[in-house]
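# Notes for the structure review
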Amino acid sequence: MNGLTKKDFVRALEIKSQRMFGRTCRIISKNQLYKTIAMVVRDLVMERWAYSRGTVHQNPERELYYLSMEFLVGQSLASNMLSLGIDGIIQEVCEDFGFSIDEIRDQEPDAGLGNGGLGRLAACFLDSLSTLGMPAHGCGIRYEYGLFKQKIVDGYQIELVDPWLEDGNVWEVAVPEETQIVRFGGYVEQVMVDGKLTFHHRGYQKVRAVPYEMPVMGYNSPVVNTLRLWGARAVTHMDMDLFGQGEYMRAVEEKELAEVISKVLYPEDNHPEGKALRLKQQYFFVSASIQHMVSTFKSRGNDIRDLAKRVVVQINDTHPALAIPELMRILIDEEGLGWDEAWEITTQTFAYTNHTIMEEALEKWPESLFRALLPRLWDIVYEINERFCRELWERYPGDWDRIARLAIIADTQVKMAHLCIVGSSSVNGVAQLHSNILKEIVFRDFYEIYPEKFIGITNGITFRRFILQANPSLADLITSRIGDAWIVEPARLKEFAQYSRNPEVQAGLREIRYQNKLKLAAYIERHNGLKVDPNSIFDVQIKRLHEYKRQLLNALHILRLYNRLLADPSQKMTSRTFIFGAKAAPGYRMAKLIIKLIHSIGELVNHDTRINDRLKVVFLENYRVSLAELIIPAADVSEQISTAGKEASGTGNMKFMLNGALTIGTLDGANVEIEEEVGPDNIFIFGLPSALVNRYYRDGNYHPLDIVEQNPELNQVLEQLVNGFLPVEHRDMFREIYNGLKYGNGGMADPYFVIKDFASYSDAHRRVDELYRQPELWWEKAIINVAHAGRFSSDRTVEEYNELIWQLPQFS
């Protein structure tokens, strides 16, 4: 797009405005201006996409299908402008119309296609795949509504509908002619045909899977890959006979039951209907994706027996695990292959990424539900399990306990992680520590059988979005010193380290941070009605609310600091603004209670004149990608404080590091590798290591009450949860938190070691405070963090996947 001028863009904008709205650019609304700009940009993207389809994607030597329940792509206008190299032109055009580029960008809702790190990682991978010139397809669900829109009312989380598609999606293209049919329920008949046993699925419910495609551009790359999202539609729109009889609800019942499949991301599954809907969602999108993959492959004249040579399918966590038996179904029932040949092709086609060691997140489905909803796949999974268990018996004769542990079907449950391991050619963790835990603890028995399958590939983030787009001033500062090669060669970022003690560069980074803090402070005042001091330390924890991520530890420590200031208002302490952003799952009671606690502490602290505004607590509602892009560049301190051994990797830690925030964290997930990169003097590590955490779990000799008795400050904080100190409706509101920490709520007391790590965490914060009062040292360490972030680029991650698993060609 180097030949495009501002004059060309304005001319295209005027034509588009007239044709879309029947108005000239000078009299359209802000939202109409966004749509007009987006449609002009879209036209340019479509030209690239068409070229890529006609060359790179015509019949590639090998291509990737990346299956994921989530693709947290955020807003698309800014990333497409950046990839086209026209962001500067559009910024000038917006200013000519009296708007900032941020005002126009914010007219676009965040795509409601994900929840947390899993979906953000998938989006980063698509960006890197396109940038590196690798042919790939993302496959997921086109959710009509996002997870939910979070509203905070009196400190409580309220879930509202997130209708992100109500005004349309500029970037998608419906492709109804490539609709696939997905089948649920019914029964399977076995019929002998010419001496061969065949299987026929009868009495099923049909659902149409309609594809919607979104282009994924690469930075300075000819490759435009595709994100294909499936929307559920009924086969018939309405029963006209019932409608004519006045049975209006019954007339559309089939339509509504079909289309609910793609209504909402992660419906609550604490009841049978929710469980069935989640299983339907998973099968719906993998069946449509695998059917499309096979039909596309064959339409190019390829032999189905060569599928594994030309195609690789990456399963992003266990949600898409049903793709394995679905491919077996197609190969056996539709292509006529025998079991052994089909299994060989299938296992060589799939690769599995594990994202969790949490027992509750390793999906299992009730056998009865699985059999009723997916009868043909049940037969196939049952046979996979039978054959696998026979292999186990030959290897471990008489070891029934081991066989039961490893079986795919056991205790009336279908274990999806086990299916992924058995049915894939590789199994990877997403950080060094996580990969080791998988091999040594979680999947130890499987590792003994398949040591060659297990590998580790540390996660990464796209630099284009999280520094070029989110923090362009910092990107310019880096480029002014080391050139712009680092944008596509992230390892070159290390050259920036030579400027860590350069006063001019330190001053530049300090001013950039201050300006970003001013922007965030203005957002906080506008949305929270709270003034915060941009000269204070902005201490940030933004991530999904879960007990193992330990927002509770952060909150209790804030109470400790508050108590200290009340006891001695004159003590040395740098002013702090603690910023939280988190959504709790609608049915996760404890997580919601912690959100209420954070707000109660904020209500207490933010308006107490005795502490002279030296502490502020901010909870930013409805955390999302576009909000992260505002928060991360303004952060001084990055809170990565999960219980060691619980976080698979984390990617927020990488985004903060890239923008120069210093990490306070445990030796968990990718924090371990961040410490290796920057050195122990440039990160604030605290807390139990994962080996000790696991020993406490194993031995059962952790006694938090003993620690509380020896730590008066901690005891004071805990008692304040229940003694009326906090402004709440009744003093027992946080009794469940209090009891859980000290005694356990029917289980282990303090299972995430908040009490055990409290003193160490407090000391780490003391070190943060001391360092911030030494600005030359602080900014030196900040620059070192930026310079060593190259290892955590998703470009590097994708290159490792390609070397170890995918073997894709690269186009430049």
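Note that this is a predicted model, so its numbers are computed, not measured. (Residues numbered from 1 in each chain as written. Predicted model: local features only at pLDDT ≥ 70, side-chain atom pairs only at ≥ 80, totals over all residues. Heavy atoms only, no water.)

## With respect to unusual backbone geometry
With a phi angle near 65°, Arg550 is a residue other than glycine that sits in the positive phi range. By the element assignment, Arg550 lies in the loop between strand 18 (537-542) and helix 23 (551-567). Overall, Arg550 belongs to the buried group, its relative accessible area being 0%. Positive phi, normally seen in glycine, also occurs at Phe753, with a value near 60°. Mapping Phe753 onto the fold places it in the loop between helix 31 (735-742) and helix 32 (754-772). (Helix = DSSP H or I, 4+ residues; strand = E, 2+ residues; numbered from the N terminus. Buried < 20%, exposed > 50% of the residue type's maximum accessible area, 1.4 Å probe, protein only.)

## A few points about the pairing of strand 4 (residues 156-160)
Both strand 3 (residues 149-153) and strand 4 contribute to a ladder of five bridges, which runs antiparallel. From the neighbouring strand, Ile152 faces strand 4, where its bridge partner is Gln157. Counting the residues that bridge the hairpin from strand 3 to strand 4 gives two residues, and of these Asp154 lies at a positive phi of roughly 55°. (Pairing = 2+ DSSP bridges.)

## Focus: a nonpolar patch on the surface
Judged by side-chain polarity, Val153, Tyr156, Ile158 and Leu160 come together as a nonpolar surface patch covering roughly 300 Å² of accessible area. For the nonpolar patch, the leading source of residues is strand 4, giving three residues. Considering the arrangement of structural elements, one finds Tyr156 in strand 4. Residue classification places Tyr156 among the partly exposed positions, given a relative accessible area of 31%. (Patch = residues over 30% accessible without salt bridge, like charges linked within 9 Å, V, L, I, M, F, W, Y side chains within 5 Å. Areas by Shrake-Rupley, 256 points an atom, 1.4 Å probe, with all protein chains shown as cover. Salt bridge = Lys/Arg side-chain N within 4 Å of Asp/Glu carboxyl O.)

## Some thoughts on the packing of aromatic side chains
The geometry of an aromatic ring pair is captured by the separation of the ring centres together with the interplanar angle, meaning the angle of the planes. Within the structure shown, the criterion is met by 20 aromatic pairs. Here the aromatic rings of Phe184 and Tyr283 are separated by 5.8 Å at their centres, their planes lie at 80°, and the arrangement is edge-to-face. Highlighted residues: Phe184 in strand 6 (residues 180-184) and Tyr283 in helix 10 (residues 272-299), separated in sequence by 99 residues. Their ring planes at 85° and their centres at 5.6 Å tell us that Tyr447 and Phe454 sit as a pair that is edge-to-face. (Phe/Tyr/Trp six-rings, centres within 6.5 Å; stacked < 30°, edge-to-face > 60°.)

## Quick look at the sheet that holds strand 18
Working definition: the strands of a sheet are paired by backbone hydrogen bonds and lie parallel or antiparallel to each other. Strand order across the open sheet formed by six strands is 20-19-18-21-22-23, with parallel pairing between neighbours. Only two strands of the sheet have a single partner each, and these edge strands are strand 20 (615-619) and strand 23 (684-685). For strand 21 (residues 637-640) and strand 22 (residues 662-665), the ladder comprises four bridges, and the chain directions are parallel. When the bridges of strand 22 are listed, Ser638 appears paired with Thr663. Running at roughly 70° to strand 20, helix 22 (residues 503-528) makes contact with strand 18, strand 19 (576-581) and strand 20 of the sheet. Packed onto the sheet, helix 23 meets strand 18, strand 19, strand 20 and strand 21 and runs at close to 160° relative to strand 19. (Contact = heavy atoms within 4.5 Å. Axes fitted to C-alpha atoms, helices over the stretch in contact; angles between N-to-C directions.)

## Topic: the packing of helix 12 (residues 323-334) against helix 13 (residues 339-349)
Viewed as axis vectors pointing N to C, helix 12 and helix 13 meet at an angle of 140°, and their least axial separation amounts to 9 Å. Regarding the angle of helix 12 to helix 13, the classification is oblique. With respect to the hand of their crossing, helix 12 and helix 13 are arranged in right-handed fashion. Residues Ile324, Leu327, Met328, Leu331 and Ile332 of helix 12 touch helix 13, and the partners they reach there are Trp339, Ala342, Trp343, Ile345, Thr346 and Thr349. Classifying every residue of the contact of helix 12 with helix 13 by side-chain character gives nine nonpolar, two polar and no charged. (Parallel < 35°, antiparallel > 145°, perpendicular 65-115°, else oblique. Left-handed = near helix turned anticlockwise from the far one by under 90°. Nonpolar A, V, L, I, M, F, W, Y, C, P; charged D, E, K, R; others polar.)

## Some words on the sheet that holds strand 13 (residues 364-366)
Taken in spatial order, the three strands make up an open sheet running 13-15-14, and their pairing is antiparallel. The two strands at the open ends of the sheet, each matched to only one other strand, are strand 13 and strand 14 (409-410). As judged from the three bridges shared by strand 13 and strand 15 (residues 413-415), these two strands associate in the antiparallel manner. Paired with Lys364 across the two strands is Lys415, which belongs to strand 15.

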